Every structure is written in structure tokens, then in C-alpha cells.
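One letter stands for each residue in the lines below.
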Amino acid sequence: MRVTIAVDAMGGDHGLSVTVPAVSNFLAATPEAQVIMVGRAEPLEAALATVDKTLRPRIAVRVATEIVEMDEPPADALRRKKDSSMRIAIDLIKNGEAQACVSAGNTGALMAIGKFVLKTLRGIDRPAIATQLPNTRGVSTVLDLGANVNCSPEQLLQFAIMGSALTTAIEGNDNPTIGLLNIGEEETKGNEVVKEAAELLKHSGLNFYGNVEGNDIYKGTTDVVVCDGFVGNVALKTSEGLVQMLYQFLKDEYTRNWRTRLAALFSYRILKSFKKRLDPRRFNGATLVGLRGVVIKSHGSADELAFEFALRKAYQEVAHGMLDRIAQRIEAVSAKLPLVTLLDADRADRGADA
């Protein structure tokens, strides 16, 4: 399947020095893909001059005169920078020239522009940020990770639908289990929003496991973990900090003296394998799921390898029909819970027409 990905070439901390080589590596490994790179004309063309000549025909260029800064207020980026590389990359999805967009730029601006330009899918009230985190069995898809701080039970149900479809598209799991993140496994635990969301999930027809706790994310208890954006963002940042601490602890112990340095030499292969399993670059790329198009947010400090993984994720989601899968699951849940889902679908449609 031929997939076209629009790339915000100027976004992130490193811009062209990362996006161009990452695109080159991605295209070399993915013959069915092509890319439209969006950015300022002269520096972009100069950077593309280094790309392998056999790959260059699969890279188109779209000129943008503006860049969304990493600390720029989302409202300003949306209203004042209509010729930014981020805005044009998302416009390419709306115009049908691309099926996905990848950007390492400002997260808030990307969400604001994506929601304004693409609107939300029918039946989805708010987009969510979803990503995969490693666990002892593989990966867990977790959402929301910060887009929606306060959520209704119906919105948590929508997150479960989207997370289920996303997991199927990326992992090939047709019936992923879903856990609702809570302060305990018992049905009596949690606030009223979580309790009501659990009741909706029980009757949704989705493969609902029940309540899960924070440690279940890394046990791999369920394939999908659903929570509001406040809880999800705290869990994500805590996880990132824990990995950094583990790396630092290992480094401290193995460099303590000549004996530990010698032990490090004998343990090199094990340490290398350990680092690879926890390497955050391999999990780079959060999906702004719920939009009428595939939009992937790469980490702002991503290097070539990390950005390449974000491109791979965009390709997988398009090639495996994530948007269609979400629509199908919304329809299936609507048959089980018609009042809830139809009310939300109607609200989403009004937002799309506004």
C-alpha cells in the first residue's frame, strides 16, 4: 500500500539535522512509502542534497515561510502562523495529499491545529494522546497522556475505543484487553467518573478487564490502559524519570572502581541488551488519536533513530487502517450503548461543522 506522510521538517529541537536523515533511513527501509517535507525552501533543499539519489524522487517539497516555536502559545500558532511548516503539513492531510503527518514541534500547537483543521472522528468528543510503553510481555498502549485533564465517563469510554483500535493497527491484536487505571482493582475504588466509566466499559462489548493499578502498566496486565490526561501525563513523566535513574545507577555502580569497570566489560552484551529494551527512542511517537487523519507527535529532542520510529508508527497506522478500525468499533459500541455514543457523535459532528 502506497502511503504518503507529511513531515514538519523544521519542528523540534534539531529540525533539518534530524528530520532529513531520519526520512532517508525510513524510505530506504519502507519502499511503499513516500514523504512530503514541509519547511523553508533554501535550508530544506540544501539538506536534501545529501539524500541518496535513488530515494530523492520519493521526497516532495512543500515550502513554508514560518516555524512554530517550541514555547509558542498554541492559540498564537493557530491564529497567526497559517504558513508554518506544522500547519501546512496538517493541511496536506485535509487536502488528501497525505494520509499522515509527523512533527517534533510544539505539542499544544500540534493538537490545536490538528483539531481545528481535521476535526474529530464521528463519535469522538476529544482527541487523546496515546503511546506505547514497554512491559514484561511487550508493550502497553496508554491514553490519554495529557490532552484532556478533566474527562467524563463517556470520554474515557471513547479513549478505550480508540486505544483498542490503535493497538489492533500497530500490534495486530484483534481483541486487546482494556484496563481502567485506578487506585485499586476493587470496583468500589476510585472517584465517581472512574466508577461510571467502568460501568460503561462493562456493557460496551469491548474486551474490558477491569480496574488496573499503575504497576499493571509494566506487568502487561492489559494491552490498553485508559485514564484521564492528568493521571496519564504524571504516569508517563514518572516512567521517563525512573528509566533515567536506572541508567544513572547502573553507570555509577559500573564506574565505581577498576573492579566494577572490569565487570562492565564482561557484562557488556547484557548491558547493551538491557539498554535496547528500555531505549525510549524505540517507543518515540505519540498518536493524536481521534482526529480525521493520522497525526504523530515525535519527542522534541528526538534524534535520527527516534524520529525514524515515529515515521514507522505513522506508516503502520495508515497501512493497517487505524481510522477505519476506530469507526467500526464506535459503531459496534453504539449498538450496545446507543444513547451515550449517539449523543457524543452528534456533539462531535456539530463541532466539525462549526
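In this text, all values refer to a predicted model and were calculated from it rather than measured experimentally.

Some thoughts on the pattern of salt bridges
Within the structure shown, the criterion is met by 12 salt bridges. A salt bridge links aspartate 303 to arginine 281, with the nearest nitrogen and oxygen atoms 2.9 Å apart. Here arginine 281 lies in the loop between α11 (268-278) and β10 (286-289) and aspartate 303 lies in the loop between β11 (294-297) and α12 (304-319), a separation of 22 residues in the sequence. Overall, aspartate 303 belongs to the partly exposed group, its relative accessible area being 28%. Across the pair arginine 312 and glutamate 308 runs a salt bridge whose closest N-O atoms are separated by 3.1 Å. Highlighted residues: arginine 312 and glutamate 308, both in helix α12, separated by 4 residues, approximately one helical turn. Looking at glutamate 308, the relative accessible area reads 8%, which means it is buried. Put simply, Glu187, Glu199 and Lys202 are held in one network by salt bridges that share partners.

Section: helix α7 (residues 192-202)
Three- or four-residue spacings in an α-helix give side chains the same orientation, since the helix completes a turn every 3.6 residues. Those residues of α7 not exposed but buried are Val194, Ala197, Ala198, Leu200 and Leu201. For α7, the angular spread of buried residues about the axis comes to 165 degrees, placing them on one side.

Section: the environment of glutamate 32
Looking at the element boundaries, glutamate 32 is found in the loop between α1 (16-29) and β2 (33-39). It is 9.7 Å that separates the C-alpha atoms of glutamate 32 and arginine 58, two residues lying 26 residues apart in sequence. With near-sequence residues (within four places) excluded, glutamate 32 lies in contact with Met1, Arg2, Val3, Arg58 and Tyr315.

Notes on the nonpolar core
Membership of the largest hydrophobic core comes to 66 residues, with the highest contact counts inside it found for Ile5, Met37, Leu143, Leu180, Val226 and Leu311. Take this core: its biggest share by element is 10 residues, from helix α6 (residues 153-171). Sequence-distant contacts of leucine 180, that is, excluding residues within four places in its chain, are made with Leu156, Val194, Ala197, Ala198, Leu201, Phe208, Gly210, Asn211, Val212 and Val226. Within the second largest apolar cluster, 35 residues are counted, among which are Leu78, Ile113, Val117 and Leu133.

Regarding the environment of glutamate 45
Its location among the elements puts glutamate 45 in helix α2 (residues 41-48). Its relative accessible area of 40% is what places glutamate 45 among the partly exposed residues. On a C-alpha basis, the gap between glutamate 45 and valine 61 in space is 8.2 Å, while along the polypeptide they are 16 residues apart.

Some words on the sheet that holds strand β6 (residues 139-143)
Overall, mixed pairing links the 11 strands, which are arranged β3-β2-β1-β4-β11-β10-β5-β6-β9-β7-β8 in an open sheet. Two strands lie at the open edges of the sheet, namely β3 (59-63) and β8 (208-212), each paired on one side alone. Each strand axis lies, on average, 25 degrees off the axis of its neighbour in the sheet, ignoring direction. Pairing analysis gives 3 bridges linking strand β1 (residues 3-8) to strand β4 (residues 100-103), with the strands arranged parallel. Following the sheet pairing, isoleucine 5 is matched in β4 by alanine 100.

Some points on the layout of surface pockets
What the largest pocket holds in volume is close to 1,400 Å³. Among the secondary structure elements, those contributing two or more residues to the lining of the largest pocket are α5 (107-118), β5 (128-134), α9 (229-254), α11 and β10. A total of 10 residues in the lining of the largest pocket trace back to one element, the largest contributor, which is α9. For the lining of the largest pocket, a count of residues per class yields 21 nonpolar, 17 polar and 6 charged.

Describing the environment of lysine 82
Among the secondary structure elements, lysine 82 is positioned in the loop between α3 (74-80) and α4 (85-94). Apart from residues no more than four positions distant in its own chain, lysine 82 is found in contact with Glu66, Arg87 and Ile88.

Section: the side chain of glutamine 132
You can see glutamine 132 is positioned in strand β5. For glutamine 132, a relative accessible area of 6% translates into the label buried. Engagement of the side chain of glutamine 132 in a polar contact is seen with the side chain of threonine 141, the distance being 3.1 Å. Here the side chain of glutamine 132 touches lysine 313 through a polar contact of 2.8 Å, side chain to side chain. Ignoring sequence-local partners within four residues, the contact set of glutamine 132 consists of Val139, Ser140, Thr141, Leu166, Ile170, Phe283 and Lys313.

Describing the pairing of β3
Consecutive side chains of a regular strand alternate in pointing toward one face of the sheet and then the other. Pairing between β2 and β3: 5 bridges, direction parallel. Along β3, the bridge assignment pairs glycine 39 with valine 63. Once the chain exits β2 it traverses α2 before rejoining the sheet at β3, and the crossover so formed is right-handed.

Quick notes on a nonpolar patch on the surface
On the surface, Leu242, Met245, Leu246, Phe249, Leu250 and Phe274 cluster together into a nonpolar patch covering about 480 Å² of accessible area. The element that contributes the greatest number of residues to the nonpolar patch is α9, accounting for 5 residues. Counting through the fold element by element, leucine 246 comes out in helix α9. According to the relative accessible area criterion, leucine 246 is partly exposed, its value standing at 33%.

The rules behind the values
Residue positions within a chain follow its written sequence, with the count starting from 1. With pLDDT at 70 or above as the cut-off, local features in this predicted model cover only qualifying residues; side-chain atom pairs require 80 or more to be listed or tallied, and sums for whole chains, interfaces and linings still use all residues. Each side-chain value is derived from all of the structure's non-hydrogen atoms; neither hydrogens nor water enter the calculation. Here, a salt bridge means any Lys or Arg side-chain nitrogen found within 4 Å of an Asp or Glu carboxyl oxygen. The numbering of helices and of strands both runs from the N terminus, where a helix is a DSSP run of H or I of at least 4 residues and a strand a run of E of at least 2. The cut-offs for exposure are 20% and 50% of the maximum accessible area for each residue type, with area from a 1.4 Å probe on protein chains only; residues under the lower value are buried, those over the upper are exposed, and the others partly exposed. Comment: arc refers to directions from the helix axis out to C-beta atoms. The contact rule is simple, with two residues in contact once any of their heavy atoms fall within 4.5 Å. Definition of nonpolar core: a set of buried residues of the types Ala, Val, Leu, Ile, Met, Phe, Trp, Tyr and Cys, connected through side-chain atoms within 4.5 Å. Strands pair, by our definition, only if DSSP identifies at least two bridges between them. With axes taken as lines fitted to C-alpha atoms, and helix axes fitted only over the stretch in contact, angles between N-to-C directions fall between 0 and 180 degrees. For cavity detection a 1 Å grid was placed over the protein atoms alone, and a set of points counts as a cavity when a 1.4 Å probe fits there but cannot get out; an open set counts as a pocket when protein lies on both sides within 12 Å along at least five of seven lines, with lining residues being those that have an atom within 4 Å of a point. Grid points are joined across faces, edges and corners, and a volume is the space filled by probe spheres set on the points. Residues were grouped as follows: Ala, Val, Leu, Ile, Met, Phe, Trp, Tyr, Cys and Pro as nonpolar; Asp, Glu, Lys and Arg as charged; and all remaining residues, including Gly, as polar. Here a polar contact is taken to be a pair of N or O atoms separated by no more than 3.5 Å, where protein atoms must pair a possible hydrogen donor with a possible acceptor and residues adjacent in sequence count only if both atoms sit in side chains. For the handedness criterion, the strands are oriented away from the viewer, and a crossover whose path from the first strand over the helix to the second runs clockwise is classed as right-handed. Patch criteria: residues need more than 30% relative accessible area and no salt bridge. Like-charged residues are merged within 9 Å; nonpolar side chains of Val, Leu, Ile, Met, Phe, Trp and Tyr are merged within 5 Å. Computed with a 1.4 Å probe, the accessible areas rest on the Shrake-Rupley method; for each residue, only the protein chains presented here act as cover.

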